[in-house]
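# A look at the structure
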Amino acid sequence: MAGLHKSEFENPVINWVDSRLPIFTMLQKEYGVFPTPRNFNYFWNFGALAMINLVIMIATGIFLAMNYTAHKDMAFDSVERIMRDVNWGWLLRYVHANGASMFFIVVYIHMFRGLYYGSYKTPRELLWILGVIIMLLMMATAFMGYVLPWGQMSYWGATVITNLFSAFPLVGEHIVTWLWGGFSVDNPTLNRFFSLHYLLPFVLVGVVFLHIAALHITGSNNPLGIDVKGPQDTLPFHPYYTIKDSVGICVYFIVFALFVFFAPNYLGHADNYIPANPLVTPAHIVPEWYFLPFYAILRSVPDKLGGVLLMFASIGVLALLPWLDTSPVRSARFRPVYRILIIVLVVTCVVLGVCGGKPAEGIWVVLSRIATAYYFLHFLVILPVLGKFERTLPLPESISRAVLPTGGGPLPGGAAAKPMEKA
Amino acid sequence: MKLLRNIAAAALLALGTPAAALAAGEEIKFPPQIWSFSGPFGTFDRASAQRGFQVYSEVCSACHAVKQAYYRDLKGIGLSEKEVEAIAAAVMVPAIGDDGAPTERKGMPSDRFRSPYANEKAARAAFNGAYPPDLSVMIKARPGGADQLYALLVGYSDPPAGVTVGDGMYYNKYFAGHQIAMAPPLADGRVTYADGTRASVEQMSRDVTTFLAYIAEPEMETRKRLGVKVVLFLLFLTGLTYATKRKVWSDVH
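These numbers were taken from a predicted model, which means no experiment stands behind them.

This paragraph deals with the overall build of chain A. Scanning chain A from terminus to terminus reveals 16 helices and two strands. Here the C-alpha atoms of chain A give a radius of gyration of 24 Å, agreeing with the 22 Å that 2.2 N^0.38 yields for 423 residues. With respect to the three principal axes, the spread of C-alpha positions in chain A is 75 × 60 × 45 Å. When each of the 423 residues of chain A is scored for burial, the buried share is 53%. Sequence-distant contacts, at least 24 apart, represent 79% of the contacts inside chain A between residues at least 6 apart. Just so you have it, chain A exposes about 19,100 Å², and 72% of that area is on carbon and sulfur atoms.

What follows is the structure, given as structure tokens:
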């Protein structure tokens, strides 16, 4: 049978399909026997959690869209109708709203994992950059989703954020009018945001597919940050990591459920239960918590254009990270200085987050300026220089040598550890 | 233009945004209350919510709508089908007659609560430009929630020495900027409770807050009950999954 895939599945139906479209073979290769470093810790759950979260968002979102009305006079009431009249509508909406926060919690931890264990370093640069693109898409999607209930924060958040583009010289005002579809945030804005909010998650699915495809070329990093040297360093993905991911998924669901059932509005803003009113500006226009660090960077610059550029740069700098970090060692476990600095960076981001939620006055401006300066200092100055001077600890010979009590048997020839492996 | 600005200013006050409080450079703290509906196992005190419905009907509903709520929702605070039908039937709701002309008909449990004003403009016209906000989700629309609403209702007093309030405004300790366009809505004995509860300002405030908390979240009891089951199930599932994980990994550790 020329041209058919040689399927090894015994079930005749599966074999018939697999011979013509080897999806079963592919799944078996990529998720069944896929060789995965044997030393993952629970930080390696978060990629799977993000995937699950995306599926939850799309599933609940499709059903919400069936009941939502994208019109400025009806959007707010249609959301309340979902809460009151649609069967389990309150559950759908609270899962979707808190799901956005859970998504960012998961993805931020996933990114921290990448930063701590040097997952962005060669050969995984493109994998990391795809991740940065995923984060940008998530932010755009979340922002537009928050506009849809058409409450006060929806309206004024949309006004503030779209107005950022007016900072660009010459074309700025035109861009803003074009984004709004008019001369203020209004019904056309709501309509296009709804359309894009429905579209972008599917773009997200596409980029996530590329992210995973790239991951399956390079293979996963691991807590030691050293390369897999042979079969003794790996385990088949199934059952070892399917079950380990399942443990993480259960814990994640518990946290998710606590928010949805017992504090569904804790992460939201009370003002968004006030219908949008173009005549009344809220005293504090604050974005959702996951945007606060970026909001603080934006406001730390007295110049509008400067603030906008710096905010975008704070994400752009992440895309350049594989080349800014000059250290050949991946994992922070073997980088005594970086190990401290990465915690300092996390603290910096938290400080930025707190500042972003406070009024832009007094001590908060000073703090956010210091934190912003340090954020860029970390990436643009400290990391390039640190790689040249840091005295890293000796790397283990192999994953199996490091984690198995028996030492994992002999290494394959020629793979003996080098003290400063360009891993 | 001046009218627009006046309306905006009045709306700002009426909506109770903390702008004025910030301008005054202070943060208002609302004394925390104990509510039957707070906590993971909280339920609405039916008797209190029913008394609260009476307060809403006899006092608040003169100005404030709860347009998201239906009369049938009242079954959730312990009223019977018959009682709900009677309450709804006592209200005339706008309708379009067979001749196409606007008319009115008797309310039904499936009708939404009738709003006191036909639209926002009518309400503003009646209140000097201020708009008595819809109370459907008021508890969720204020950072202080039920505590804030209760505090506002009991927070009226004469202005302290040296403080003057504007024309047609009232002093309230718990309102942003301390000047509110709403006249003190409650006074001792303002309603007569059928169950004999003494109608003090505090009691009526507590009851109407409980009622409005129910109206804001009619799904709350279902939500929390389901949540307890879901979390217990997930804890059990986590235990099983972790045990399975240990078993699967036992040959590689």
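Residue and element names in this part refer to chain B. Confidence in the prediction of chain B, expressed as mean pLDDT, is 90, and 90% of residues score 70 or more. For residues 1–25, every residue scores under 50 in pLDDT, and the model assigns this stretch 35 contacts once sequence neighbours within four places are set aside. Reported for the predicted complex are a pTM of 0.91 and an ipTM of 0.91.

This part is about the pairing of strand β1 (residues 92–96) of chain B. Residues and elements named next belong to chain B. The alternating pattern of β1 places Val93 and Ala95 on a buried face and Met92, Pro94 and Ile96 on a face that is not buried. In this sheet, strand β2 (residues 102–106) lies alongside β1 in antiparallel orientation, the contact comprising five bridges. The residue bridging Pro94 from the neighbouring strand is Glu104, located in β2. Linking β1 back to β2 in an antiparallel pair, the connection comprises five residues, with Gly100 at a positive phi of about 85°.

With that out of the way, let us pick up the interface of chain B and chain A. Taken together, the contacts link 47 residues of chain B with 43 residues of chain A. Note on chain B versus chain A: buried area summed over both sides is about 3,700 Å², and carbon and sulfur give 72% of it. Run the count over chain B and chain A and you get two salt bridges. The tally of links between chain B and chain A comes to 11 residue pairs in polar contact (both at pLDDT 80 or more). With 18 residues, the top contributor of residues to the side of chain B that touches chain A is helix α9 (residues 220–249) of chain B. Of the residues in the side of chain B that touches chain A, the class split is 28 nonpolar, eight polar and 11 charged.

Okay, the packing of helix α12 (residues 304–319) of chain A against helix α15 (residues 363–389) of chain A next. All names here are of chain A. Running from N to C, α12 and α15 point in directions that differ by 30°, and their axes come no closer than 10 Å. Relative to α15, the element α12 lies roughly parallel. Here α12 and α15 pass one another in a crossing that is left-handed. Of α15, the residues touching α12 (which contributes Leu310, Ala313, Ser314, Val317 and Leu318) are Thr372, Tyr375, Phe376, Phe379 and Leu380. Taken together, the residues that form the contact of α12 with α15 break down as eight nonpolar, two polar and no charged.

Attention now moves to unusual backbone geometry. Cis geometry marks the peptide bond from A:Thr122 to A:Pro123; its omega dihedral reads 10°. Looking at where A:Pro123 falls in the secondary structure, it is placed in the loop between α5 (89–116) and α6 (125–147). Backbone torsion omega between A:His238 and A:Pro239 reads 5°, so that peptide bond is classified as cis. Relative to the helices and strands, A:Pro239 is located in helix α10 (residues 237–262). One non-glycine residue with positive phi stands out, namely B:His178, at about 65°. You can see B:His178 is positioned in the loop between β3 (170–171) and β4 (179–180).

Before going further, it helps to examine the packing of aromatic side chains. Residue and element names in this part refer to chain B. Under the criterion given, the structure shown has 43 aromatic pairs over all chains. Residues Phe44 and Tyr214 carry aromatic rings whose centres are separated by 5.4 Å and whose planes lie at 85° to one another, so their mutual orientation is edge-to-face. A residue pair is termed long-range when its members are at least 10 positions apart, and Phe44 in the loop between α2 (19–23) and α3 (46–58) and Tyr214 in helix α8 (residues 201–216) qualify at 170 residues. You can call Phe44 buried: its relative accessible area is 3%. Summarising the aromatic geometry, the rings of Tyr117 and Phe127 are spaced 5.7 Å apart at their centres and angled 80° between planes, so their arrangement reads as edge-to-face. A residue pair is termed long-range when its members are at least 10 positions apart, and Tyr117 in the loop between β2 and α5 (120–126) and Phe127 in the loop between α5 and α6 (138–141) qualify at 10 residues. Among the residues examined, Tyr117 registers a relative accessible area of 25% and is labelled partly exposed. The partly exposed category is assigned to Phe127, whose relative accessible area is 26%. Cation over ring: Arg206 sits above Tyr150, and NZ or CZ is 5.3 Å from the ring centre.

Time to look at the nonpolar core. Generally speaking, soluble globular proteins have nonpolar side chains that are buried together. Core analysis: the biggest nonpolar cluster contains 118 residues, and A:Tyr68, A:Leu115, A:Leu318, A:Tyr338 and A:Phe379 have the highest contact counts within it. If you tally residues by element for this core, the top one is α6(A), at 14 residues. With near-sequence residues (within four places) excluded, A:Phe379 lies in contact with A:Val317, A:Leu318, A:Leu321, A:Leu324, A:Leu345 and A:Pro384. Listed in part, the 41 residues of the second largest apolar core include B:Leu79, B:Phe113, B:Met138 and B:Met204.

Let's shift gears to the confidence of the model for chain A. Averaged over every residue, the pLDDT of chain A is 94; residues scoring 70 or more account for 96%. Note on residues 412–423 of chain A: pLDDT is under 50 here. Beyond four places in sequence and across chains, it has 22 contacts.

So, about the side chain of A:Lys244. Along the polypeptide, A:Lys244 turns up in helix α10. Although buried, A:Lys244 forms no salt bridge, and the nearest oppositely charged side chain, A:Asp245, lies 8.3 Å from it. A distance of 2.9 Å separates a polar atom in the side chain of A:Lys244 from the backbone oxygen of A:Phe40. A:Lys244 has contacts with A:Phe40, A:Asn41, A:Tyr42, A:Asn45, B:Lys245 and B:Trp249, leaving out every residue within four places of it along the chain.

Turning our attention to the environment of A:Ser7. All names here are of chain A. With respect to the secondary-structure elements, Ser7 resides in the segment before α1 (12–20). Taking the relative accessible area as the measure of exposure, Ser7 reaches 17% and is therefore buried. Separated by 15 residues in the primary sequence, Ser7 and Pro22 place their C-alpha atoms 7.4 Å from one another. Setting aside residues up to four positions removed in sequence, Ser7 forms contacts with Asn15, Asp18 and Ser19.

Residues and elements named next belong to chain A. Evaluation of the coordinates by the stated rule reveals 20 salt bridges over all chains. Ionic pairing is found between Arg335 and Glu390, a salt bridge with its closest N-O pair at 2.7 Å. Remark: Glu390 occurs in the loop between α15 and α16 (399–403) and Arg335 occurs in the loop between α13 (321–324) and α14 (336–357); sequence separation between them is 55 residues. Look at the salt bridges and you will find they share partners, linking Lys121, Asp325, Arg335 and Glu390 into a network.

What follows concerns a nonpolar patch on the surface. All names here are of chain A. There is a patch of nonpolar side chains on the surface, built from Leu377, Leu380, Val381, Val385 and Phe389 and spanning about 470 Å² of accessible area. Along the polypeptide, Phe389 turns up in helix α15. Accessibility expressed as a relative area gives 65% for Phe389, which makes it exposed.

A word on the environment of A:Val385. Positionally, A:Val385 belongs in helix α15. Considering only alpha carbons, one finds A:Val385 and A:Ala158, 227 residues apart in sequence, at a separation of 40 Å.

Conventions adopted
- Residues numbered from 1 in each chain as written.
- Chains lettered and ligands numbered in written order.
- Predicted model: local features only at pLDDT ≥ 70, side-chain atom pairs only at ≥ 80, totals over all residues.
- Heavy atoms only, no water.
- Helix = DSSP H or I, 4+ residues; strand = E, 2+ residues; numbered from the N terminus.
- Rg over C-alpha atoms; globule rule 2.2 N^0.38 Å.
- Buried < 20%, exposed > 50% of the residue type's maximum accessible area, 1.4 Å probe, protein only.
- Contact = heavy atoms within 4.5 Å.
- Areas by Shrake-Rupley, 256 points an atom, 1.4 Å probe, with all protein chains shown as cover.
- pLDDT = per-residue confidence, 0-100.
- Pairing = 2+ DSSP bridges.
- Buried area = accessible area lost by both parts, 1.4 Å probe.
- Salt bridge = Lys/Arg side-chain N within 4 Å of Asp/Glu carboxyl O.
- Polar contact = N/O pair within 3.5 Å; in protein donor to acceptor, adjacent residues only side chain to side chain.
- Nonpolar A, V, L, I, M, F, W, Y, C, P; charged D, E, K, R; others polar.
- Axes fitted to C-alpha atoms, helices over the stretch in contact; angles between N-to-C directions.
- Parallel < 35°, antiparallel > 145°, perpendicular 65-115°, else oblique.
- Left-handed = near helix turned anticlockwise from the far one by under 90°.
- Phe/Tyr/Trp six-rings, centres within 6.5 Å; stacked < 30°, edge-to-face > 60°.
- Lys NZ or Arg CZ within 6 Å of the ring centre and 35° of its normal.
- Core = buried A, V, L, I, M, F, W, Y, C linked by side-chain atoms within 4.5 Å.
- Lys, Arg positive; Asp, Glu negative; His and termini not counted.
- Patch = residues over 30% accessible without salt bridge, like charges linked within 9 Å, V, L, I, M, F, W, Y side chains within 5 Å.

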